[in-house]
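Chain residues, written in single-letter form:
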8 protein chains.
Amino acid sequence: ARRGYPEAVYGEGKTPEQLRVIARSYASRGSTDSPVIFTRCDEERAAAVLVELPDAVHQPQARLVVWPADPPEPTGGLVAVLTAGTSDLPVALEAETTARYLGRRTELVVDVGVAGLHRVLGRLDLLRAARAIVVAAGMDGALPTVVAGLVAAPVIAVPTSVGYGAAFGGVAPLLTMLNACAPGVAVVNIDNGYGAGHLAAQIAAPPVDG
Amino acid sequence: ARRGYPEAVYGEGKTPEQLRVIARSYASRGSTDSPVIFTRCDEERAAAVLVELPDAVHQPQARLVVWPADPPEPTGGLVAVLTAGTSDLPVALEAETTARYLGRRTELVVDVGVAGLHRVLGRLDLLRAARAIVVAAGMDGALPTVVAGLVAAPVIAVPTSVGYGAAFGGVAPLLTMLNACAPGVAVVNIDNGYGAGHLAAQIAAPPVDG
Amino acid sequence: ARRGYPEAVYGEGKTPEQLRVIARSYASRGSTDSPVIFTRCDEERAAAVLVELPDAVHQPQARLVVWPADPPEPTGGLVAVLTAGTSDLPVALEAETTARYLGRRTELVVDVGVAGLHRVLGRLDLLRAARAIVVAAGMDGALPTVVAGLVAAPVIAVPTSVGYGAAFGGVAPLLTMLNACAPGVAVVNIDNGYGAGHLAAQIAAPPVDG
Amino acid sequence: ARRGYPEAVYGEGKTPEQLRVIARSYASRGSTDSPVIFTRCDEERAAAVLVELPDAVHQPQARLVVWPADPPEPTGGLVAVLTAGTSDLPVALEAETTARYLGRRTELVVDVGVAGLHRVLGRLDLLRAARAIVVAAGMDGALPTVVAGLVAAPVIAVPTSVGYGAAFGGVAPLLTMLNACAPGVAVVNIDNGYGAGHLAAQIAAPPVDG
Amino acid sequence: ARRGYPEAVYGEGKTPEQLRVIARSYASRGSTDSPVIFTRCDEERAAAVLVELPDAVHQPQARLVVWPADPPEPTGGLVAVLTAGTSDLPVALEAETTARYLGRRTELVVDVGVAGLHRVLGRLDLLRAARAIVVAAGMDGALPTVVAGLVAAPVIAVPTSVGYGAAFGGVAPLLTMLNACAPGVAVVNIDNGYGAGHLAAQIAAPPVDG
Amino acid sequence: ARRGYPEAVYGEGKTPEQLRVIARSYASRGSTDSPVIFTRCDEERAAAVLVELPDAVHQPQARLVVWPADPPEPTGGLVAVLTAGTSDLPVALEAETTARYLGRRTELVVDVGVAGLHRVLGRLDLLRAARAIVVAAGMDGALPTVVAGLVAAPVIAVPTSVGYGAAFGGVAPLLTMLNACAPGVAVVNIDNGYGAGHLAAQIAAPPVDG
Amino acid sequence: ARRGYPEAVYGEGKTPEQLRVIARSYASRGSTDSPVIFTRCDEERAAAVLVELPDAVHQPQARLVVWPADPPEPTGGLVAVLTAGTSDLPVALEAETTARYLGRRTELVVDVGVAGLHRVLGRLDLLRAARAIVVAAGMDGALPTVVAGLVAAPVIAVPTSVGYGAAFGGVAPLLTMLNACAPGVAVVNIDNGYGAGHLAAQIAAPPVDG
Amino acid sequence: ARRGYPEAVYGEGKTPEQLRVIARSYASRGSTDSPVIFTRCDEERAAAVLVELPDAVHQPQARLVVWPADPPEPTGGLVAVLTAGTSDLPVALEAETTARYLGRRTELVVDVGVAGLHRVLGRLDLLRAARAIVVAAGMDGALPTVVAGLVAAPVIAVPTSVGYGAAFGGVAPLLTMLNACAPGVAVVNIDNGYGAGHLAAQIAAPPVDG
Ligand SMILES: Nc1ncnc2c1ncn2[C@@H]1O[C@H](COP(=O)(O)O)[C@@H](O)[C@H]1O
Ligand SMILES: Nc1ncnc2c1ncn2[C@@H]1O[C@H](COP(=O)(O)O)[C@@H](O)[C@H]1O
Ligand SMILES: Nc1ncnc2c1ncn2[C@@H]1O[C@H](COP(=O)(O)O)[C@@H](O)[C@H]1O
Ligand SMILES: Nc1ncnc2c1ncn2[C@@H]1O[C@H](COP(=O)(O)O)[C@@H](O)[C@H]1O
Ligand SMILES: [Mg+2]
Ligand SMILES: [Mg+2]
Ligand SMILES: [Mg+2]
Ligand SMILES: [Mg+2]
Ligand SMILES: [Mg+2]
Ligand SMILES: [Mg+2]
Ligand SMILES: [Mg+2]
Ligand SMILES: [Mg+2]
């Protein structure tokens, strides 16, 4: 594992056969301390991995396969993962699962978009307990600014490709987030739940000598 | 006046000489019921208009010259004009002045951006009393969605060219507003305070038989 | 219903199963005063909703499912819905149906694009009777400016993704509409018939004390 | 002159010194049948040309210098040049002057934008007498479609960089024109009055054996 | 027929059923002097039209259905239609067929792109005989400039969506053509063979009193 | 101070007069525990602030004015700030100063771009000692990926508007950074040194109970 | 063969039938000194070519068919082809095969992206032995700059459409490469392995009198 | 000198003071075998360099300062540098000077754009004698394709920001060049004469053992 974190294999650009070969090489290493995460695996790619690593966990909504099945015992701070709408759930799950397998405690809060402010205001206690907060939002992408204005922890904003027309496949929320009026907003690529979860886990990592 | 509304002269694309000729033609008509609004007039252009219409009102921050000086007696509903930041003020003033000279009561509320939610939540009474609300915001452009989620009246969102980098001269808030998660958000061109104020005045107009 | 208007469920980002769960929760509430609108439902999603709300109305061209079946008794002003071409019809129907279920009288006028001016000029009486006018247009998106120049009511312009090449999926008419030379044009997202109809219904709403 | 048409020298990309050298080479040729057109010459560049060709005509609004001073005797059909607004005048003058020095009869019609349809409808007789029509328009760029729907002659649409915000320096009208709903619309580059006038003169040229 | 030219029905935005209804209305008018052109008809749409107008001509590569089958007797000047590559053929055929059914003589020249200059130089006689030249080109879109530098007639440039990567679906050749260094280039929308053929037919039309 | 961090005043969108009024209000509060940061102040704006807060520190290269002059005693982890080239220095200084006044120890490393890998590899010890690393880079923006591949701490990537042509004012490095092949890269707006320094200070903050 | 290099037929824009006709014409020429390369041939198109040229070589991953089967005896310098990730392999193979059939020795090095610098640094000997180096990279496209900083030979950078979101189908690495901080980077179109291999073969060609 | 080539200092992003410090450090090294090139130096920056290196050569049109004054004795092949128009000259001179100071023989050919094909065809002998050809072109950028179709040597295409409107500061010719229909075209950044000259010098370098 590079730099102490689990390795990740990007499934989208690979054939099922290529993924199977990679999975077999992990299987042949036997037991491991650090998990491997196969990202962006559709059903066919996930199946190819599971042939070689039958005890891996497949999270179909998040398009992840993780091996071995059990995440490490959590250390460090809490990672909260929020979504503005229901449609942002797959990206949020990718982030949440990634952070968990990188060794953090996680909490998921769904559908607290700013069109109904009471929803996010009702979860202030949880938000203020977190060491890092991932916010997945499409369309207007306004939620990260509002959250960053309410907490002292860093907010990792993930634009999602949810929406249509002038959402331009996630460009609209990407720009909103890059221009967030509250400081403390870190942006990752559109739909990059894996990157958001990884960053959150790094931020919430325990002190090196802790 | 077309369709019962004051005429507008777009100053930016005209030379001071051209504007003076137009102003003179209004002056020669003598007294009038309906005002004329010269928009986007810098100091030089405003001066050219004032030579011919010395009793006109010059609003330099809003780059407007209006004649005659007194707005009509207000009718219809209240138009509220909000800004997310201080830098959105010129556009907001252009909207507010336009709506006032189109015959509406207006209220201006400055610097209530979503990074500090208490600011906009503290003005809920005013917002709920309005028949139309103009919201001028640059950078992340998140304020119109939040306001539209709090009121039943239409919200007219004006993206401003405030900001830098990936704000792209107002494109970022323009896209945010077009993708507003709350319904009831009408969008106009970047920095188009005149258009926003006009639309608000039309929406808040008294019933035709009233 | 938020702020006195029907709730809307955005179908596109949800699985049929998720929609069915939502529909069931409405069914379990029993009779209701205010309708719920499921937007952007393809055949499969509409079917999932209808399993739980069998008496809902399915408008396939507009991709809407509305429940309960009968719109409220209309109040307020007339909402006119225009299209430039035949291909803009689905978006126009989404707007018209939304406005009707929000309690307005509506009229639909199809195929009156500016390449044949006599078509729109022949409907001036209807246009001038409306309190709000929705105009759906793709390709050059020129119709809203022309209509706004002919009436005193606000025009809500909906760019559609009809066209090819440099239409860029609706960007061309979107820009045309944002730059409309006549004031009084409110723009919504590309293909956002729901938002246009909602805005029209708000604008044409009866006075609060009326 | 290439292919029977006057030569053009693009002034913008050249230093005044370079232009003076070019002008001198024309002066040294002595009398000529075919004019030379220096385009996009600001005051400084025009002065440099006039030093060597003192009898040339300088059209400052159109940024043109033409030599010799007298256009050829007109042949072929009429070229009409229209503008949507006053601010499109410089581009229209560049087109009109170019067509005239290429040997056509020309007519200029200013400020007939579609926000007030009566203006363009009031000039139908002129429009229908033309063999080619140049239409210069900024902001929403809707005028060429309307004109093309009214006449049988080709319409040459020139988007102008008039406007602000989402006009994007002429991109908005450029896209409008490329997507014109009426056939018969030829588009040239933003602010390219020279190209539009040249094309119009070619289209309205007399039959080769005539 | 509007303005003396055949009517056109845009097939892409219509259902086969809508097209069949339109076709039937033409069938019921009986014989006609002026043809109708159904553009952008895939197999299914073409079949729907042919059910009602069985004697119509179907040009599948150009995606056109034209009725009645015989083009008018040609008048006016020659229209030449060129392609840079083989892949531009469908768009070129759409242009050529349109011009022919609008009453012009036409010639088609395929695969004369500028990467092998001898190909276009070998057809100079034909090019110089034409009254209007349509040039369809994708990728670098360089052919229209070269052709316009060789002839005195107007060149109508049609960018095609042939190519990949930074061709951006035809944007690259569109920009090349708008910036053509030779004057006399008229641009139409990407893949708009119909518009190019129509414009060419208008330009090459016989003199009105001829 | 919101959420425990210093307040910031965005200078660019304000007149010198507006800034002076704001500065005076801080001066009138007397001594303070938490600094205020005036960002994006050119010479004129900085002077206006200094009139009211004469003991403030002006950092002209970073366009910052900070008051009071002394940063707080540092706590938490080390913040390293890197630049790819010399031209990225102003943005890096803005980040470094911000982090320091938010209470962190900082180190600045200039001109270690990837075109000469030995430069960044020679600073590995420092990089691995940091709790958060800010990387400012323009043009190709490749440095953050390389750094993130070498360390376990989060990397905050700031694209700068250095460069020309297809750098598009910072868009090129912005996209590079959003697509970083190494996980652990957080992106902020183009030239947003303030935001990067703020985020770094939050990430490197001492544990809450520490 | 034009200019001494093999001919290429662009398969994507042609029907299988058109390709078969072209293949047959090559077959009828009999033996040949210079190969022909059919690019961007999917299974169906490749099959059509192979019917007429059964002894051609089909490279499905690179989507190439080459005839005759044996590449020429290599001359000139070495062409090295690198990929940043596994997903860039098809484009790299297209480049490598093209260079080989144009008569160069080639070496392929896969998966040496900059997120793990040791990978590319481990191949320095090979890189420094090459006369031209093709580097295929998607996402952040950072590898070509790093390589160009390590060698004296020209680097041909091919952006690939690997990635998602703000990779924009290869635009992100395209911009990165155009802005490469190290000189000596030549850029070709996104996914244009054919063009990259051709250019490399030209650069590594033997001296003309050699 | 890195990798055997002269060092370059990018002037645009540095203050005159910073440049002077750098120049002084070169001066203090005394005589040198390999030159240093200061690129993009306006008058003020060039003067700062010349204070410390008074015997350096200043090429104002190319915005270059080179030291020491004499280029190395030329080796390797000929580098030809072409421009489409006169306005491309500064970029061409930057390329030509760079290649010369990197040790190549160079030839400059100005104003041979494709709108007049005879101009480039008249220089075929020179073009075919070159080992590498730099082509600088703005507006439509068609010249590199035409040249690449005429020669066997690699063509390095430099888009220039000459032009207006839809030239988009050089984006139009950049896209044309990336989509060149002839193989053998290497593209560099807009206005990047330095990079083009460097690449040409590398390609035309003498064989390593030569
Ligand atoms: N600031 C503005 N933004 C957009 N449109 C405007 C503005 N000012 C005036 N207009 C419109 O432009 C028209 C006048 O244009 P003109 O005749 O060129 O002065 C008016 O009828 C307005 O509708
Ligand atoms: N077709 C639509 N376009 C834009 N917004 C919509 C649409 N349908 C529903 N919405 C909005 O999305 C919200 C519901 O989102 P959700 O909770 O994800 O179903 C509603 O409150 C509407 O404001
Ligand atoms: N304003 C203009 N816009 C576009 N093209 C122009 C313009 N003026 C001149 N040209 C073209 O540029 C060519 C002359 O370029 P040059 O040799 O650089 O002066 C002429 O042949 C014209 O076709
Ligand atoms: N994959 C490719 N990408 C870019 N250009 C290509 C490709 N394959 C072939 N070409 C070019 O296209 C020309 C052949 O085009 P065509 O005559 O349409 O088959 C060749 O001369 C090549 O220069
Ligand atoms: Mg919801
Ligand atoms: Mg504030
Ligand atoms: Mg119609
Ligand atoms: Mg006007
Ligand atoms: Mg070919
Ligand atoms: Mg350096
Ligand atoms: Mg890898
Ligand atoms: Mg020239």
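This report concerns the structure included in the present document. Quick caveat: nothing in here was measured; it's all calculated off a predicted structure. (Residues numbered from 1 in each chain as written. Chains lettered and ligands numbered in written order. Predicted model: local features only at pLDDT ≥ 70, side-chain atom pairs only at ≥ 80, totals over all residues. Heavy atoms only, no water.)

Summing up its helical and strand segments, chain A has eight helices and nine strands in all. Taken over the C-alpha trace, chain A has a radius of gyration of 17 Å; the compact-globule value for 210 residues is 17 Å, and the two agree within 12%. Relative to its 210 residues, chain A shows a buried fraction of 64%. Here chain A has roughly 7000 Å² of accessible surface; of this, 52% comes from carbon and sulfur atoms. Taking the average place of the 16 positive charges on the side chains of chain A and the average place of its 20 negative ones, the gap between the two points comes to 4 Å. (Helix = DSSP H or I, 4+ residues; strand = E, 2+ residues; numbered from the N terminus. Rg over C-alpha atoms; globule rule 2.2 N^0.38 Å. Buried < 20%, exposed > 50% of the residue type's maximum accessible area, 1.4 Å probe, protein only. Areas by Shrake-Rupley, 256 points an atom, 1.4 Å probe, with all protein chains shown as cover. Lys, Arg positive; Asp, Glu negative; His and termini not counted. Charge placed at Lys NZ, Arg CZ, Asp CG, Glu CD.)

If you look at the interface, chain A gives 29 residues, while chain F gives 29 residues. Of the roughly 2200 Å² buried between chain A and chain F, counting both surfaces, carbon and sulfur atoms make up 56%. Viewed at the interface, chain F and chain A are joined by zero salt bridges. For the pair chain A and chain F, the interface holds seven residue pairs in polar contact (both at pLDDT 80 or more). Element by element, the count of residues in the side of chain A that touches chain F is highest for helix 8 (residues 193-203) of chain A, at five residues. (Contact = heavy atoms within 4.5 Å. Buried area = accessible area lost by both parts, 1.4 Å probe. Salt bridge = Lys/Arg side-chain N within 4 Å of Asp/Glu carboxyl O. Polar contact = N/O pair within 3.5 Å; in protein donor to acceptor, adjacent residues only side chain to side chain.)

Residue and element names in this part refer to chain A. It is at 7 Å that the axes of helix 3 (residues 89-101) and helix 8 come closest, and there the two elements cross at 35 degrees. Two packed elements cross with a definite hand, and for helix 3 against helix 8 that hand is right-handed. The residues of helix 8 that touch helix 3, namely those facing V91, E94, A95, T98 and A99, are G193, Y194, A196, G197, H198 and A201. (Axes fitted to C-alpha atoms, helices over the stretch in contact; angles between N-to-C directions. Left-handed = near helix turned anticlockwise from the far one by under 90°.)

Aligned on chain F, chain A shows an RMSD of 0.0 Å; the corresponding rotation is 180 degrees and the shift along the axis is 0.0 Å. Such values leave the two copies arranged in the relation of a two-fold axis. The share of interface residues of chain A whose copies in chain F are also at the interface is 100%, consistent with both copies meeting through the same surface. (Least-squares fit on C-alpha atoms with pLDDT ≥ 70 in both.)

The next point concerns the interface of chain B and chain F. Across the boundary between the two partners, chain B contributes 11 residues, which contact 13 residues of chain F. Looking at the side of chain B facing chain F, the largest losses of area belong to T86(B), S87(B) and Y164(B), adding up to 56% of the total buried there. Run the count over chain B and chain F and you get four residue pairs in polar contact (both at pLDDT 80 or more). Tallied by class, residues from the side of chain B that touches chain F come to seven nonpolar, four polar and no charged. (Nonpolar A, V, L, I, M, F, W, Y, C, P; charged D, E, K, R; others polar.)

Another point: the site of ligand 4. Contacts to ligand 4 come from 13 residues, most closely from Y164(E), Y10(G), K14(G), T39(G) and P183(H). At a separation of 3.0 Å, an oxygen atom of ligand 4 approaches a polar backbone atom of Y10(G). Between ligand 4 and the protein, one listed contact pairs an oxygen atom with a side-chain N or O atom of K14(G) at 2.5 Å. In isolation ligand 4 has 500 Å² of accessible area, and contact with the protein removes 83% of it. In terms of residue class, the shell around ligand 4 is made up of seven nonpolar, two polar and four charged. (Near = heavy atom within 4 Å.)

Okay, the arrangement of the chains next. Separated throughout, chain A and chain D approach each other most closely at a C-alpha pair spaced 13 Å apart. Separated throughout, chain D and chain G approach each other most closely at a C-alpha pair spaced 21 Å apart.

The next thing to look at is the packing of aromatic side chains. Applying the stated criterion across every chain yields a total of 16 aromatic pairs over all chains. Residues Y26(A) and F38(A) carry aromatic rings whose centres are separated by 6.3 Å and whose planes lie at 80 degrees to one another, so their mutual orientation is edge-to-face. Residue Y26(A) is found in helix 1 (residues 16-29), and its partner F38(A) is found in strand 2 (residues 36-39); the two are separated by 12 residues along the sequence. A single burial state applies to Y26(A) and to F38(A), both of which are buried. R40(A) extends its terminal NZ or CZ atom over the ring of Y164(G), reaching a point 3.6 Å from the ring centre. (Phe/Tyr/Trp six-rings, centres within 6.5 Å; stacked < 30°, edge-to-face > 60°. Lys NZ or Arg CZ within 6 Å of the ring centre and 35° of its normal.)

Residues and elements named next belong to chain H. If you trace the backbone, R45 turns up in helix 2 (residues 43-52). Exposure remark for R45: the relative accessible area of 17% places this residue in the buried category. For R45, the side chain forms a polar contact with the main-chain oxygen of K14, separated by 2.7 Å. Apart from residues lying up to four places away in sequence, R45 is in contact with G11, E12, K14, T15, P16, L19 and R40.

Overlaying chain B on chain F yields an RMSD of 0.0 Å, the required transformation being a rotation through 90 degrees with an accompanying axial translation of 0.0 Å. What the rotation and shift describe, once combined, is the action of a four-fold rotation axis. Of the C-alpha atoms belonging to chain B, the one lying closest to the rotation axis is found on F168(B), 7.6 Å away.

Here we come to the environment of L143(C). Residue and element names in this part refer to chain C. Secondary-structure assignment places L143 in helix 6 (residues 143-148). By relative accessible area, L143 is classed as buried at 2%. For L143 and G113, which are 30 residues apart along the polypeptide, the C-alpha to C-alpha distance reads 6.1 Å. Those residues in contact with L143 that sit more than four places away from it in its chain are T83, A84, V112, V114, V120 and V135.

Right, let's get into the sheet that holds strand 4 (residues 64-67) of chain B. All names here are of chain B. Strand order in this open sheet of four strands is 1-2-4-3, and the pairing throughout is mixed. This sheet does not close on itself; its edge strands, each paired only once, are strand 1 (7-10) and strand 3 (57-59). The sheet shows a mean angle of 20 degrees between the axes of neighbouring strands, taken without regard to direction. Here four bridges tie strand 1 to strand 2 (residues 36-39), and the two strands are oriented parallel to one another. Note on strand 2: the bridge partner recorded for E7 is V36. Helix-sheet contacts for helix 3 (residues 89-101) involve strand 2, strand 3 and strand 4, and the interaxial angle to strand 4 is about 10 degrees. (Pairing = 2+ DSSP bridges.)

What surrounds ligand 1 is a group of 13 residues, the closest being Y10(B), K14(B), T39(B), P183(C) and Y164(D). Nearby residues place ligand 1 at the junction of chains B, C and D. Between ligand 1 and Y10(B) there is a distance of 3.0 Å, counted from an oxygen atom to a backbone nitrogen or oxygen. Taking Y164(D), its side chain carries an N or O atom lying 2.5 Å from a nitrogen atom of ligand 1. Tallying contributions element by element places strand 1 of chain B first for the shell around ligand 1, with three residues. Considered class by class, the residues forming the shell around ligand 1 number seven nonpolar, two polar and four charged.

On to the pattern of salt bridges. For the structure shown, the criterion picks out 56 salt bridges over all chains. Between R100(A) and E96(A) there is a salt bridge; the shortest N-O distance is 3.2 Å. With R100(A) and E96(A) both in helix 3 and four residues apart, the pair spans about one turn of that helix. Of the residues examined, E96(A) reaches a relative accessible area of 10% and is grouped as buried. R119(D) serves as the salt-bridge partner of D111(D), at 3.9 Å between the closest nitrogen and oxygen. Through salt bridges with shared partners, a single network forms among E12(A), R40(A) and R63(A).

Nothing here speaks to function; it is geometry throughout.
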